[in-house]
Amino acid sequence: MTADKTAINEAMNEAPDKANKLRASDVYRENLQFWHQAWGMCTKPYTKMPELEYLPWIPERLKAASAERILDLGCGSGWLSVFLAREGFKVTGIDVAGHALDLGRQWAEMEGLNIKFDAGDLGDLPYADNSFDAVVANSIIEHLPLSLALVAMSRLKSAVKPGGTFIGCFDKVGTGPGEYYKLEDGTQVYTDKSRKGMMLRYFPDEEIRELLTGWEVVELKTLDSGSRFVVAHT
Ligand SMILES: C[S@@+](CC[C@H](N)C(=O)[O-])C[C@H]1O[C@@H](n2cnc3c(N)ncnc32)[C@H](O)[C@@H]1O
């Protein structure tokens, strides 16, 4: 076993305790506060879809897996939820920022789409086993420190049906502007005014695979943007 593997295995064992302590800490509260404030500045849904090379791949992969019930993790104001609901998927979005969810609800109502938007923290996912066929996670896991990401991924494995699907996109991290300090696990905690409190962590490919322990990774590719697109099945 490599030193890195040992480190992530240890991290997995310690993750639940560490995640609980972290969630009770001021640094984590400030991180959530950042998201509440950021979304609080939006007054109406921003309804333009982002131009992402991998966007068409998502419904494609979901259809290939015969997935119907989709969980959109860290859905924000719901562009991916809307995108998938338009394609006929039954979508639930979850995000910690209630205001973002209200914007998503407005957008869904404008389009006559039936999307369920739930408020919740990814460190404490509220879903029963087998609630979904698939989970999509766009630009969200990298906003979780390692212990929380491990806890969330482990919980998701049960929340999707056996044979269920994970589709994620992990953004390139660490090259943008801003000042930050690092937590022990490498999570960057921003200190500059515009992103004060926000957490961002780089997950190398090996760690993405380790996060998906117990899933079969069928695709992991680096895009021109430097983001990683990943598909896995339980
Ligand atoms: C970079 S945005 C991505 C939003 C959306 N997935 C997208 O692709 O545009 C990260 C989202 O995750 C939410 N978020 C951050 N930390 C979270 C947590 N611990 N639990 C739930 N949602 C969280 C934020 O409110 C924000 O909407």
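Residues numbered from 1 in each chain as written. Predicted model: local features only at pLDDT ≥ 70, side-chain atom pairs only at ≥ 80, totals over all residues. Heavy atoms only, no water.

## Notes on the overall build of the chain
Here's step 1: Looking only at helices and strands, the chain features seven helices and ten strands.
Here's step 2: A compact globule built from 234 residues should have a C-alpha radius of gyration of about 17 Å, and the chain, at 17 Å, falls within 12% of that.
Here's step 3: Taken over the C-alpha atoms alone, the chain extends approximately 50 × 40 × 35 Å along its principal axes.
Here's step 4: Relative to its full complement of 234 residues, the chain shows a buried share of 50%.
Here's step 5: Taking as baseline every contact in the chain between residues at least 6 positions apart, the subset at least 24 positions apart corresponds to 70%.
Here's step 6: Summed over all atoms, the accessible surface of the chain reaches about 11400 Å², with 50% contributed by carbon and sulfur. (Helix = DSSP H or I, 4+ residues; strand = E, 2+ residues; numbered from the N terminus. Rg over C-alpha atoms; globule rule 2.2 N^0.38 Å. Buried < 20%, exposed > 50% of the residue type's maximum accessible area, 1.4 Å probe, protein only. Contact = heavy atoms within 4.5 Å. Areas by Shrake-Rupley, 256 points an atom, 1.4 Å probe, with all protein chains shown as cover.)

## Regarding the side chain of Asp95
Here's step 1: Summarising the element assignment, Asp95 is placed in strand 2 (residues 90-95).
Here's step 2: In this structure Asp95 is buried but unpaired, with Arg105 as the nearest side chain of opposite charge at 10 Å.
Here's step 3: Polar contacts involving the side chain of Asp95 include one to the main-chain amide nitrogen of Ala97, which spans 2.9 Å.
Here's step 4: Asp95 has contacts with Gly74, Cys75, Gly76, Leu101, Asp118, Ala119 and Gly120, leaving out every residue within four places of it along the chain. (Lys, Arg positive; Asp, Glu negative; His and termini not counted. Salt bridge = Lys/Arg side-chain N within 4 Å of Asp/Glu carboxyl O. Polar contact = N/O pair within 3.5 Å; in protein donor to acceptor, adjacent residues only side chain to side chain.)

## Concerning the sheet that holds strand 6 (residues 180-182)
Here's step 1: Taken in spatial order, the three strands make up an open sheet running 6-7-8, and their pairing is antiparallel. In this open sheet, the two edge strands, each paired with only one partner strand, are strand 6 and strand 8 (199-200).
Here's step 2: Looking at chain direction, strand 6 and strand 7 (residues 188-190) are connected through three bridges and run antiparallel. Within strand 7, the position partnered with Tyr181 by the bridge is Val189. (Pairing = 2+ DSSP bridges.)

## Some thoughts on the state of the cysteines
Here's step 1: Tallying each qualifying case throughout the model produces zero disulfides.
Here's step 2: Lacking any disulfide linkage, Cys75 is separated from the closest cysteine sulfur, that of Cys42, by 13 Å.
Here's step 3: Overall, Cys75 belongs to the buried group, its relative accessible area being 6%.
Here's step 4: In this structure Cys169 is a free cysteine whose sulfur lies 17 Å from that of Cys75, the closest cysteine sulfur available. (Disulfide = S-S within 2.5 Å.)

## Points about the site of the ligand
Here's step 1: Every one of the 18 residues lining the ligand counts as a neighbour, but Tyr28, Gly74, Trp79, Asp95 and Asn138 are closest to it.
Here's step 2: Here a nitrogen atom of the ligand sits 2.7 Å away from a polar atom, N or O, in the main chain of Gly74.
Here's step 3: Asp95 is positioned with one of its side-chain polar atoms (N or O) 2.7 Å from an oxygen atom of the ligand.
Here's step 4: Against a free-state accessible area of 590 Å², the protein chains account for coverage of 90% of the ligand.
Here's step 5: Per-element tally for the shell around the ligand: the top contributor is helix 2 (residues 26-40), with four residues.
Here's step 6: In terms of residue class, the shell around the ligand is built from ten nonpolar, six polar and two charged. (Near = heavy atom within 4 Å. Nonpolar A, V, L, I, M, F, W, Y, C, P; charged D, E, K, R; others polar.)

## Side note on the packing of aromatic side chains
Here's step 1: Scanning the entire structure with this criterion turns up seven aromatic pairs.
Here's step 2: An angle of 75° between the planes, with centres 4.9 Å apart, marks the rings of Phe34 and Trp35 as edge-to-face.
Here's step 3: Geometrically, the ring pair formed by Phe166 and Trp215 is edge-to-face, given 5.9 Å between the ring centres and 70° between the ring planes. With Phe166 in strand 5 (residues 160-170) and Trp215 in the loop between helix 7 (205-211) and strand 9 (216-222), this residue pair connects regions lying 49 residues apart in the sequence.
Here's step 4: We classify Trp215 as buried; its relative accessible area is 7%.
Here's step 5: In textbook terms, an aromatic cluster arises when at least three aromatic residues are bridged by ring pairs, as seen for Tyr54, Trp57 and Phe229.
Here's step 6: A cation over an aromatic ring shows up here: Arg195 above the ring of Tyr190, its NZ or CZ 4.1 Å from the ring centre.
Here's step 7: One cation-aromatic arrangement involves Lys221 over Trp57; the distance from NZ or CZ to the ring centre is 4.6 Å. (Phe/Tyr/Trp six-rings, centres within 6.5 Å; stacked < 30°, edge-to-face > 60°. Lys NZ or Arg CZ within 6 Å of the ring centre and 35° of its normal.)

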